[in-house]
Amino acid sequence: MPAIDVAGEFETIRRLLRPLAHPEWARGLADDVAVLPSRPGHDLVLTKDAIVEGVHFLPEDPLDTVAQKLLRVNLSDLAAKGAEPFGYLLACHWSERCGWPEREAFVAGLRRDQAIFDIALLGGDTVKTPGPASFSATLMGWAPSASTVSRAGARPGDLVFVTGTIGDGWLGLQALQDKLTLEPERMDALTAAYRTPMPRLEFAPVVRGLATASADVSDGLLADAGHIAEAGRVRLEIDLEVLPLSAAAQAWMDSRVDPQGALELLATGGDDYEIVLTAPAGAENALRREADRRHLRLTRIGRVAEGKGLAVRYLGQEIKPTRSGWTHD
Ligand SMILES: Nc1ncnc2c1ncn2[C@@H]1O[C@H](COP(=O)(O)OP(=O)(O)OP(=O)(O)O)[C@@H](O)[C@H]1O
Ligand SMILES: Cc1ncc(C[n+]2csc(CCOP(=O)(O)O)c2C)c(N)n1
Ligand SMILES: [Mg+2]
Ligand SMILES: [Mg+2]
Ligand SMILES: [Mg+2]
């Protein structure tokens, strides 16, 4: 059992976290529970992801962006399902290095993202751990009743799309680990993608209206597209050469001698928090229109066929990547 620093625990809750609490439902973070009224005509959509120092973020990462990353990786799951977030439960497992200033920094990150994404803190738990710091959040959102897209609905003939760009989070991690060098503004864009990915919440209503299946890209594009193939008992064919790249990722690609190998790294590195979705061919124009209206890049990266698993192609030739994404061994 982690030791609990009693004074720190209640000071943290009362002085740092209470100002972030939902005004009605969180009971001032001074009760055993939070209580929310149900919302007629809607389903409550729930998700939980944890992040651990040394596994999901670096010991040197500023704690304000660690807090933002915690919320964003969870918001990304809601966005991918077409749900609209309203609140969250938070667990903080503070390590020895998390003194008062570090806790203040973490809470500043929460405050910033609560304002950006219009969510409030509902409750949680605060403990101290002798090990590395870790945090988890349970995000809650509403979706109109029975509208939540699953991983399982892809049908042969559907097309596969992905939002935004792929590979920036992984490249950001490489940059922070001194494994790549690019111009300073490129490095900054990549490290920002790693530390503060942007969940595609503005696309949630579009996913809800038009996608047959969807997932967010956390483990790696190929791994998460693979989840859609498996859940739907279909085959997803992905064309690596059309992978959407940021200017920074393109600059990195230009420095590589093996473009296929480089694209495989980007498609399997994970930490993208984009949405991979399938939709009928007839929905493509509407999808593009909705993406354009939101100034969001949307790229057709493949198609759904009968069969199972993932077929990965580079310039028309099927290839066998050695891995599809991140796993906890
Ligand atoms: N410890 C657990 N207890 C109950 N359900 C779990 C547990 N771990 C994972 N799950 C469930 O397994 C499913 C897949 O979880 P997974 O974490 O792989 O999805 P994800 O959050 O989309 O991916 P990532 O964690 O890479 O962001 C989800 O329904 C999740 O709620
Ligand atoms: C320091 C450090 N090393 C490696 C990675 C890469 N990484 C870790 S877990 C994960 C998948 C999502 O996590 P989960 O499936 O646990 O929700 C990815 C892509 C990182 N972010 N930070
Ligand atoms: Mg998860
Ligand atoms: Mg997730
Ligand atoms: Mg997910």
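What counts as what
- Residues numbered from 1 in each chain as written.
- Chains lettered and ligands numbered in written order.
- Predicted model: local features only at pLDDT ≥ 70, side-chain atom pairs only at ≥ 80, totals over all residues.
- Pairing = 2+ DSSP bridges.
- Helix = DSSP H or I, 4+ residues; strand = E, 2+ residues; numbered from the N terminus.
- Axes fitted to C-alpha atoms, helices over the stretch in contact; angles between N-to-C directions.
- Contact = placed C-beta atoms within 7 Å.
- UniProt positions renumbered as here; feature names shortened; annotations may be inferred.
- Buried ≥ 20, exposed ≤ 12 C-beta atoms within 10 Å, placed from the backbone.
- Near = placed C-beta within 6 Å.
- Nonpolar A, V, L, I, M, F, W, Y, C, P; charged D, E, K, R; others polar.
- Core = buried A, V, L, I, M, F, W, Y, C linked by C-beta atoms within 7 Å.
- Domains from an automatic or database assignment.

A few words now on the sheet that holds strand S2 (residues 84–94). Hydrogen bonds between backbone groups are what pair the strands of a sheet, and the pairing can be parallel or antiparallel. One open sheet holds the 4 strands; their spatial order is S1-S4-S2-S3, and the pairing between them is mixed. Strands at the two margins of the open sheet, each flanked by one partner only, are strand S1 (42–52) and strand S3 (120–128). With direction set aside, neighbouring strand axes in the sheet form an average angle of 15 degrees. As paired strands, S1 and strand S4 (residues 134–144) are joined by 11 bridges and run antiparallel to one another. By the bridge assignment for S4, Ile 51 is matched with Phe 135. The strands touched by helix H2 (residues 63–81) within the sheet are S1, S2 and S4, with S1 carrying the most contacts at an inclination of about 145 degrees.

As a further point, take the UniProt feature "binding site: Mg(2+) 4" (unreviewed entry) in the protein. Taken from the UniProt record, the annotation "binding site: Mg(2+) 4" (unreviewed entry) applies to Asp 32, Thr 47 and Asp 77. On the basis of their most widely separated C-alpha atoms, the annotated residues across 46 residues do not gather in one place, lying as much as 27.2 Å apart. Assignment of secondary structure puts Thr 47 in strand S1. Judged by the 21 C-beta atoms lying within 10 Å of it, Thr 47 is buried.

All residues in the neighbourhood of ligand 1 are listed as Asp 49, Val 73, Asp 77, Ser 218 and Asp 219. Among the residues making up the shell around ligand 1, the classes are represented as 1 nonpolar, 1 polar and 3 charged.

Our next topic: the nonpolar core. Formed by 90 residues in total, the largest nonpolar core has its most connected members in Tyr 88, Val 160, Phe 161, Val 207, Ala 225 and Val 276. With 10 residues, H2 is the single largest residue contributor to this core. If sequence neighbours within four positions are ignored, Phe 161 has contacts with Leu 277, Ala 279, Leu 287, Leu 298, Thr 299, Arg 300 and Ile 301.

What follows covers the domain arrangement of the protein. According to the domain assignment, the protein consists of domain 1 (6–144) and domain 2 (159–319). Here the C-alpha centre of domain 2 lies 27 Å away from the C-alpha centre of domain 1. The greatest single-element share of the side of domain 1 that touches domain 2, amounting to 11 residues, is contributed by H2. Of the residues assigned to the side of domain 1 that touches domain 2, the class counts are 8 nonpolar, 4 polar and 6 charged.

If you check the shell around ligand 2, you find Asp 49, Gly 54, Val 55, His 56, Phe 57, Leu 58, Leu 173, Ser 218, Asp 219, Gly 270, Asp 271 and Trp 326 and nothing else. When the residues that make up the shell around ligand 2 are grouped by side-chain class, the tally is 5 nonpolar, 4 polar and 3 charged. Each of domain 1 (6–144) and domain 2 (159–319) accounts for three or more of the residues forming the shell around ligand 2.

Before going further, it helps to examine the UniProt feature "binding site: Mg(2+) 1" (unreviewed entry) in the protein. In the numbering adopted here, UniProt assigns the feature "binding site: Mg(2+) 1" (unreviewed entry) to Asp 49 and Asp 125. Along the chain, Asp 49 falls in strand S1. Given 20 C-beta atoms within a 10 Å radius, Asp 49 is considered buried. When residues no more than four places from it in sequence are discounted, the contact partners of Asp 49 are Val 73, Asn 74, Asp 77 and Ser 136. Along the chain, Asp 125 turns up in strand S3. On the neighbour-count criterion, Asp 125 (12 C-beta atoms within 10 Å) is exposed.

This part covers unusual backbone geometry. We note that Tyr 273 has phi near 55 degrees; this positive angle belongs to a residue other than glycine. Tracing the sequence through the fold places Tyr 273 in the loop between helix H9 (259–268) and strand S8 (275–279). Backbone geometry places Leu 315, a non-glycine residue, at a positive phi of 50 degrees. Looking at the secondary structure, you find Leu 315 in the loop between strand S10 (309–314) and strand S11 (317–319).

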